[in-house]
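Each chain, letter by letter, is given below.
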Amino acid sequence: MKRTYQPNKRRRAKKHGFFARKVSAGKILNSRRKKGRKELVK
């Protein structure tokens with residue numbers, strides 16, 4: 001029997017990764033980048 005959670009790095013990154021955040025919150029990221037933040041996304 002297969003377990004319910006089959007981790008997949010690519011799918012996870014597509015849903016929750018940096019670029020997924022960039023699409024939804026581009027303006028916020030850009031402003032944080034301008035400020036010179038060390039960490040852009042939490």
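What you see is a predicted model; the values in this text were computed from it and never measured.

Student: Sorry if this is basic, but what is going on with the overall build of the chain here?
Tutor: Within the chain, the secondary structure is distributed over three helices and zero strands. Once the C-alpha set of the chain is aligned to its principal axes, its extents read approximately 50 × 20 × 10 Å. Put simply, the chain has 42 residues, and 7% of those count as buried. When the accessible surface of the chain is split by element, carbon and sulfur atoms take 55% of a total near 4,600 Å².

Student: Got a minute to help me understand the packing of aromatic side chains in this structure?
Tutor: For any pair of aromatic rings, the description consists of the separation of the ring centres together with the inter-plane angle of the planes. In total, this model carries one aromatic pair according to the counting rule given. Ring centres 5.5 Å apart and planes at 85° place the aromatic pair Phe-18 and Phe-19 in the edge-to-face group. Residue classification places Phe-19 among the exposed positions, given a relative accessible area of 59%.

Student: What's the story with the environment of Arg-3 in this structure? I'm lost.
Tutor: Note that Arg-3 resides in the segment before helix H1 (9-16). Put simply, Arg-3 and Lys-27 are 24 residues apart on the chain and 39 Å apart in space, counted from C-alpha to C-alpha.

Student: For this particular structure, what's the right way to read the environment of Lys-15?
Tutor: Mapped onto the elements of the fold, Lys-15 is located in helix H1. For the pair Lys-15 and Lys-27, spaced twelve residues apart in sequence, the C-alpha to C-alpha distance is 19 Å.

Student: Please explain the environment of Ala-25 as it appears in this structure.
Tutor: Residue position: Ala-25 is located in the loop between helix H2 (18-24) and helix H3 (26-35). Remark: the alpha-carbon pair of Ala-25 and Val-41, spanning 16 residues in sequence, is separated by 10.0 Å.

Student: Please explain the confidence of the model for the chain as it appears in this structure.
Tutor: Should pLDDT be low for a region, the predicted coordinates there are not to be read in detail. Summing up the model confidence of the chain, the mean pLDDT is 84 and the portion of residues at 70 or higher is 100%. Mean pLDDT values over the elements of the chain span from 80, in H2, up to 89, in H1.

Calculation rules
- Residues numbered from 1 in each chain as written.
- Predicted model: local features only at pLDDT ≥ 70, side-chain atom pairs only at ≥ 80, totals over all residues.
- Heavy atoms only, no water.
- Helix = DSSP H or I, 4+ residues; strand = E, 2+ residues; numbered from the N terminus.
- Buried < 20%, exposed > 50% of the residue type's maximum accessible area, 1.4 Å probe, protein only.
- Areas by Shrake-Rupley, 256 points an atom, 1.4 Å probe, with all protein chains shown as cover.
- Phe/Tyr/Trp six-rings, centres within 6.5 Å; stacked < 30°, edge-to-face > 60°.
- pLDDT = per-residue confidence, 0-100.

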